[in-house]
Amino acid sequence: MLDIEALNAQSIGQKLAVEGRKLAVEQEYARKALDIQIRRIELEKQAEISKWKLKAWLAGKDLQSDEVKGYVRDIEATYGMEIKGVKDAAASDDLQRTKQSEIAKGRIVLDHNRQIYDSLKQQAGGVFDAMLTKSQSVFGAIGNAFKTAILTAIKDIVTSRIAAALMQLMGGGRVSFG
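Residues numbered from 1 in each chain as written. Predicted model: local features only at pLDDT ≥ 70, side-chain atom pairs only at ≥ 80, totals over all residues. Heavy atoms only, no water.

1. Points about the overall build of the chain
Now for step 1: Along the backbone of the chain there are three helices and zero strands.
Now for step 2: N-terminal to C-terminal, the α/β element order of the chain is α-α-α.
Now for step 3: Among the 178 residues that make up the chain, the fraction classed as buried is 17%.
Now for step 4: A separation of at least 24 residues holds for 55% of the contacts in the chain among residues at least 6 apart in sequence. (Helix = DSSP H or I, 4+ residues; strand = E, 2+ residues; numbered from the N terminus. Buried < 20%, exposed > 50% of the residue type's maximum accessible area, 1.4 Å probe, protein only. Contact = heavy atoms within 4.5 Å.)

If you want it as structure tokens, here you go:
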């Protein structure tokens, strides 16, 4: 099985993709568990019907009689309600899993936006400091802030690539970027 937590997602897109994949895996296993539960209930139903028909036959009753058919219908209705209950519970669980996944994705986006905001706030602080100290023009400070922001983004990309290459060289596995 794929260890999703070990993917070590770096970008926001990768982190969102990991959350999406986690949800897909959870839903897949939930569907398999539901199928198994339904199959178990169906087998129990068939065993109950067969047991009742055997008792009726041993008692000398006609298996095509309305009494036997009615009892079989009752058994099927009872097990049908049980299957419906299991399916309803599974649908509710699936909805809950989907909601939790969306909340996790929202947190990822919020954290990413918070990091961007903090970076921009820091750069704006540099511009404000430059305006107060008048050691450089306001437009020069704004230009430096944009230059710093762009250089920081480039630095993050380059250092991430270098770290990934070193990680692979040291046997830590491949690190991919979205």
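Here the narrative resumes, following the displayed structure.
2. Considerations on a nonpolar patch on the surface
Now for step 1: A cluster of nonpolar residues, Ile150, Leu151, Ile154, Val158 and Ile162, forms a patch on the protein surface that exposes about 460 Å² of accessible area.
Now for step 2: With respect to the helices and strands, the residue Leu151 is situated in helix H3 (residues 138-169). (Patch = residues over 30% accessible without salt bridge, like charges linked within 9 Å, V, L, I, M, F, W, Y side chains within 5 Å. Areas by Shrake-Rupley, 256 points an atom, 1.4 Å probe, with all protein chains shown as cover. Salt bridge = Lys/Arg side-chain N within 4 Å of Asp/Glu carboxyl O.)

3. Let's talk about the pattern of salt bridges
Now for step 1: Evaluation of the coordinates by the stated rule reveals ten salt bridges.
Now for step 2: Ionic pairing is found between Glu42 and Lys45, a salt bridge with its closest N-O pair at 3.1 Å. Taken together, the residues Glu42 and Lys45, both in helix H1 (residues 12-58) and three residues apart, mark about one turn of the helix.
Now for step 3: A salt bridge links Glu67 to Lys61, with the nearest nitrogen and oxygen atoms 3.0 Å apart.
Now for step 4: With a relative accessible area of 47%, Glu67 lands in the partly exposed category.
Now for step 5: Residue Lys61 is classed as partly exposed on the basis of its relative accessible area, which comes to 35%.

4. Looking at the confidence of the model for the chain
Now for step 1: For the chain, per-residue confidence averages 83 on the pLDDT scale, and residues scoring 70 or more make up 81% of the total.
Now for step 2: Mean pLDDT values over the elements of the chain span from 74, in H3, up to 93, in H1. (pLDDT = per-residue confidence, 0-100.)

5. Overview of the layout of surface pockets
Now for step 1: Taken as a whole, the largest pocket spans an internal volume of roughly 720 Å³.
Now for step 2: In this structure, the largest pocket is lined by 20 residues; those nearest its centre are Gln10, Ser11, His112, Gln115 and Asp156.
Now for step 3: The residue inventory of the lining of the largest pocket, partitioned by class, reads eight nonpolar, eight polar and four charged. (1 Å grid on protein atoms, 1.4 Å probe; cavity = no way out; pocket = protein on both sides within 12 Å on 5 of 7 lines; lining within 4 Å. Points joined across faces, edges and corners; volume = space filled by probe spheres on them. Nonpolar A, V, L, I, M, F, W, Y, C, P; charged D, E, K, R; others polar.)

6. A short note on the packing of aromatic side chains
Now for step 1: The full count for this structure, using the stated rule, is one aromatic pair.
Now for step 2: Ring centres of Trp52 and Tyr71 lie 4.3 Å apart, and the angle between their planes is 25°; this geometry places the pair in the stacked category. Pair noted here: Trp52 is in helix H1 and Tyr71 is in helix H2 (residues 66-133), with a separation of 19 residues, a long-range link.
Now for step 3: Taking the relative accessible area as the measure of exposure, Tyr71 reaches 31% and is therefore partly exposed. (Phe/Tyr/Trp six-rings, centres within 6.5 Å; stacked < 30°, edge-to-face > 60°.)

7. Considering the nonpolar core
Now for step 1: Residues Leu34, Ile38, Ile41, Ile49, Trp52, Ala56, Val68, Val72, Ile75, Tyr79, Ile83 and Val86 constitute the largest nonpolar core, which totals twelve residues.
Now for step 2: Elements with a minimum of two residues in this core: H1 and H2. (Core = buried A, V, L, I, M, F, W, Y, C linked by side-chain atoms within 4.5 Å.)

8. Brief notes about the environment of Gly106
Now for step 1: Looking at the secondary structure, you find Gly106 in helix H2.
Now for step 2: For the pair Gly106 and Leu16, spaced 90 residues apart in the sequence, the C-alpha separation amounts to 9.1 Å.

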